[in-house]
Amino acid sequence: MTNPKRYFLLHQQTLTPTLVLTADGLGSIAIDTTQLNMSVTDPTAWATAMNNLGMVPVGLPGQQLVSDSICVPGFDPSLNMMTGITPINPMIPGLGLVPPPPPTEVAVVKEIIHCKSCTLFPQNPNLPPPSTRERPPGCKTVFVGGLPENATEEIIQEVFEQCGDITAIRKSKKNFCHIRFAEEFMVDKAIYLSGYRMRLGSSTDKKDSGRLHVDFAQARDDFYEWECKQRMRAREERHRRKLEEDRLRPPSPPAIMHYSEHEAALLAEKLKDDSKFSEAITVLLSWIERGEVNRRSANQFYSMVQSANSHVRRLMNEKATHEQEMEEAKENFKNALTGILTQFEQIVAVFNASTRQKAWDHFSKAQRKNIDIWRKHSEELRNAQSEQLMGIRREEEMEMSDDENCDSPTKKLRVDESALAAQAYALKEENDSLRWQLDAYRNEVELLKQEKEQLFRTEENLTKDQQLQFLQQTMQGMQQQLLTIQEELNNKKSELEQAKEEQSHTQALLKVLQEQLKGTKELVETNGHSHEDANEINVLTVALVNQDRENNIEKRSQGLKSEKEALLIGIISTFLHVHPFGANIEYLWSYMQQLDSKISANEIEMLLMRLPRMFKQEFTGVGATLEKRWKLCAFEGIKTT
């Protein structure tokens, strides 16, 4: 255990210049280190002195690492709850009771902590401080990792109970645990122990040592308690606001009682009292508006109305007194304004005297400029004040002339005229307000009409746009149909021309063959050739016809005319490849019609006849079952070549 006397002397040497600097900075607060003499045998006094100096008492049995009230002995943190005064913490830097906190650049030097069952050694100060995660709201639980394998729950409680009251410890078999404290500020004290190396007793076994890693833990209980506190504070805040609103809300008018003879008698007494007249007159008005006046109660209501009329004289007298007070106030204001105007005249006279040559030559240029500005400003203010005073005098003269020209009966008439004028003015204002409202309504109606017209126009434009789009789409579709029809017509024309050429060619060949046959017959008859020569001639003619057919077929299959034909050839070749025994033209046309409904069987047959090297026609069956089938022969042609 560390010697307390030696520890105190060592820290006294290091803290003396800091205390002097603090006292110099404040100028009025200073602490003399000679006043800190005490008996080192008393541990309680020793701990109190160390706390007041801002130093953590290390190694003292029964003392916490960081005291809850690190202040003067007897410091009560809950003082503000009773008195409403925020307590002053003596640990705040700048009060002179403790040295100021070390600068952020200087690392805090941690000391060795001795416990009964273990010892905590601080980490190397040159290493970076251990990292921590973001603190969850209302965190009271810490994660402690890197515990020795032989550490028990009692040892953990012995180390961490110095940070505060522990409510629960959940220890795992993998050298870590979770500790839940009673308050949130105790977690900060536990985080201070992160990075310490813990050694059990004096053992050097690896199972008896470990480096502690203390970090914030996210626990559902902490978060639930924090939410409960937040909800409680929100309720208190709502209650406080409601009380404040109730306090600032104007009081509601008292409820008007129902009419009865007793209440009417009481109300008649209140109407005679000047202090209760305003309250009673409202009740009388509400009764009359409700329709409480009938034959039975008419006399009683008449007496109440009469008592209300008796207050007219009182109100006129009050008005006269207030007018007299206003006249006196006007007179006082006029006298004060006259005094202010005389002072302005004196100031302007001073500026005019300063601008004369005798004094003006001795001022500098800047001084002359300032004097000139001040003179102009004071003259403007004087003129404004004099105009105001003259206006007041003119009003008084007009009132005096009116009083001289009118006698006492005319005064009454003037009062009546003023009342009528007031009523006329009120009616005029009401008329103006109604006219303005009417103008506003007219403007709103015009705006609504304009918006309706705009909406109607937009709807018409939308319908027109939709119709135009539909017509454009139909026109595009018709154009595409016309293009396809033109292509088909051109294809038909070309096919007709080819058929005509073939027909003319075949007719010419037939004529030639007929002539040859006639010539050969004549030669046979004249020369008497044998039957073999005739057969040779027939073979030659057949060969010529076949050659002519092949030439015609080659002419037909010179090339594809469009991309559509290439696509049809690909689809037909794939279909016939799947059917190796061939397919008749009707079957093939029914399949192709599913892909293109406009195609005909004649087009497919003409296309197949144009490509003899890819497709060939065979006859299958006998008699009535004779059927023409088309087969794919493209692969056979590749093999033969």
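All residue numbers refer to position in the chain's written sequence, counted from 1. Totals for whole chains, interfaces and linings use every residue, but because this is a predicted model, local features are given only for residues with pLDDT of at least 70 and side-chain atom pairs only at 80 or more, for both listing and counting. Neither water nor hydrogens contribute to the side-chain values; these are computed over all heavy atoms in the structure.

Draft legend 1. Structural context of the overall build of the chain. In this description a helix means any DSSP run of H or I spanning at least four residues, a strand means any run of E spanning at least two, and both kinds are numbered starting from the N terminus. Within the chain, the secondary structure is distributed over 18 helices and 10 strands. Exposed residues in this analysis have more than 50% of their type's maximum accessible area, buried residues have under 20%, and partly exposed residues fall in between, with area computed by a 1.4 Å probe over protein chains only. Per-residue burial for the chain yields a buried fraction of 22% across its 641 residues. Sequence separation of 24 or more characterises 61% of the internal contacts of the chain that already satisfy a separation of 6 or more. Accessible surface computed for the chain: about 47000 Å², of which carbon and sulfur atoms make up 56%. Residue contacts are defined here by distance: any two heavy atoms, one from each residue, within 4.5 Å place the two residues in contact. Residue exposure ignores everything except the shown protein chains as possible cover, and the areas themselves are Shrake-Rupley values with a 1.4 Å probe.

Draft legend 2. Geometry of the pattern of salt bridges. Any carboxyl oxygen of Asp or Glu within 4 Å of a side-chain nitrogen of Lys or Arg constitutes a salt bridge here. Evaluated as defined, the whole model comprises 23 salt bridges. Put simply, Lys334 and Glu331 hold a salt bridge, and the shortest N to O gap is 3.6 Å. Taken together, the positions of Lys334 and Glu331, both in helix H10 (residues 311-354) and 3 residues apart, correspond to about one turn of that helix. With a relative accessible area of 15%, Lys334 lands in the buried category. One network of salt bridges, with partners in common, ties together Lys140, Arg180, Asp222 and Glu225.

Draft legend 3. Just the nonpolar core, in detail. Nonpolar cores are built from buried Ala, Val, Leu, Ile, Met, Phe, Trp, Tyr and Cys residues. Side-chain atoms within 4.5 Å join them into one set. Ranked by size, the top nonpolar core spans 28 residues in total, and within it Val144, Phe160, Ile179, Phe181 and Met198 carry the most contacts. Mapped onto this core, the elements with two or more residues apiece are strand E2 (118-121), strand E3 (141-145), helix H4 (153-160), strand E5 (176-181), helix H5 (185-191), strand E6 (197-200) and strand E8 (213-216). Leave out the neighbours within four places in its chain, and Val144 touches Phe160, Asn175, Phe176, Cys177, Ile179, Leu212, His213 and Val214. By size, the runner-up hydrophobic cluster in this structure holds 18 residues, among which are Leu568, Leu576, Ala583 and Leu588.

Draft legend 4. Looking closely at the UniProt feature "coiled-coil region" (unreviewed entry) in the chain. UniProt positions are given in the numbering used here, feature names are shortened, and annotations may be inferred rather than shown by experiment. UniProt annotation of "coiled-coil region" (unreviewed entry) refers to residues 305-339 and 424-516 when read in the numbering used here. Annotation note: span residues 305-339, helix share 97%, strand share 0%, distance between end C-alpha atoms 52 Å.

Draft legend 5. The arrangement of the pairing of E6 in detail. Because side chains alternate across E6, one face comprises the buried residues Met198 and Leu200, and the other comprises Arg197 and Arg199, none of which is buried. As paired elements, E2 and E6 share 4 bridges and run antiparallel to each other. Considered in E6, the bridge of Leu120 is made with Met198. Of the pairings in the sheet, the one linking E6 to strand E7 (residues 209-211) comprises 3 bridges and is antiparallel in character. Directly across from Arg199, in E7, lies its bridge partner Ser209. Pairing between strands requires that DSSP locate at least two bridges from one strand to the other.

Draft legend 6. Representation of the side chain of Asp215 in the model. As for its position among the elements, Asp215 is in strand E8. Although Asp215 is buried, it forms no salt bridge, and the closest oppositely charged side chain is Arg133 at an N-O distance of 5.5 Å. Each polar contact in these results corresponds to two N or O atoms within 3.5 Å; when the atoms are within protein, one needs to be able to donate a hydrogen and the other to accept it, and residues that are neighboring in sequence are counted only if both atoms are side-chain atoms. Here Arg133 takes part through its backbone nitrogen, which lies 3.1 Å from a polar atom of the side chain of Asp215. The contact partners of Asp215, leaving out residues within four places of it in the chain, are Ser131, Thr132, Arg133, Val142, Phe143 and Ile191. By the counting rule applied here, Lys and Arg register as positive and Asp and Glu as negative, while His and the ends of each chain are not counted.

Draft legend 7. Spatial organisation of a nonpolar patch on the surface. Taken together, the side chains of Ile288, Val293 and Val305 present a nonpolar region at the surface, about 220 Å² in accessible area. Its location among the elements puts Val305 in helix H9 (residues 298-309). Only residues whose relative accessible area exceeds 30% and that form no salt bridge are eligible for patches; like-charged ones are grouped when within 9 Å, while nonpolar side chains (Val, Leu, Ile, Met, Phe, Trp, Tyr) are grouped when within 5 Å.

Draft legend 8. Layout of a negative patch on the surface. On the surface, Glu323, Glu325, Glu327, Glu328, Glu395 and Glu399 cluster together into a patch of negative charge. Elements with a minimum of two residues in the negative patch: H10 and helix H12 (365-405). The greatest single-element share of the negative patch, amounting to 4 residues, is contributed by H10. When you line up the elements, Glu399 lands in helix H12. Looking at Glu399, the relative accessible area reads 39%, which means it is partly exposed. Charge coordinates come from a single atom per side chain, which is NZ of Lys, CZ of Arg, CG of Asp or CD of Glu.

Draft legend 9. Spatial organisation of H9. For H9, with 12 residues, the first-to-last C-alpha span of 16 Å sits near the 16 Å given by 1.5 Å per residue. Buried residues of H9: Phe301, Met304, Ser307 and Ala308, and no others. An end-on view of H9 places all buried positions within 120° of arc, on one side of the element. Exposed residues on H9 whose side chains face more than 90 degrees from its buried face are Asn299, Tyr302 and Asn309. Where the residues of H9 are buried, they touch helix H7 (261-272), helix H8 (277-290) and H10. A helix is expected to reach a length of 1.5 Å times the quantity of its residues less one. The arc refers to the directions leading from the helix axis to the C-beta atoms.

Draft legend 10. View of the environment of Lys189. Mapped onto the elements of the fold, Lys189 is located in helix H5. Through-space distance from the C-alpha of Lys189 to that of Gln162 is 8.8 Å; in sequence the pair is 27 residues apart.

Draft legend 11. Geometry of the environment of Val293. Along the chain, Val293 falls in the loop between H8 and H9. In this structure the C-alpha to C-alpha distance between Val293 and Tyr259, which are 34 residues apart in sequence, comes to 9.9 Å. When neighbours within four sequence positions are excluded, Val293 is seen to be in contact with Ile288 and Phe301.

Draft legend 12. Summary view of the packing of H7 against H9. Think of each axis as a best-fit line through the C-alpha atoms, taken over the contacting stretch in the case of a helix, with angles from 0 to 180 degrees between the N-to-C directions. Where H7 contacts H9, the axes come no closer than 9 Å and their chain directions differ by 15°. Classed by the angle they form, the pair H7 and H9 counts as roughly parallel. As H7 runs across H9, the sense of the crossing is left-handed. Contacts between H7 and H9 pair Glu261, Ala264, Ala265, Leu267, Ala268 and Leu271 from the former with Gln300, Met304 and Ser307 from the latter. Residues were grouped as follows: Ala, Val, Leu, Ile, Met, Phe, Trp, Tyr, Cys and Pro as nonpolar; Asp, Glu, Lys and Arg as charged; and all remaining residues, including Gly, as polar. Looking at the contact of H7 with H9 residue by residue, the classes come out as 6 nonpolar, 2 polar and 1 charged. What sets the label is the angle itself: under 35 degrees gives roughly parallel, over 145 gives roughly antiparallel, 65 to 115 gives roughly perpendicular, and the rest give oblique. Throughout, a crossing is termed right-handed when the near helix is turned clockwise from the far one, and left-handed when it is turned anticlockwise from it by less than a right angle.

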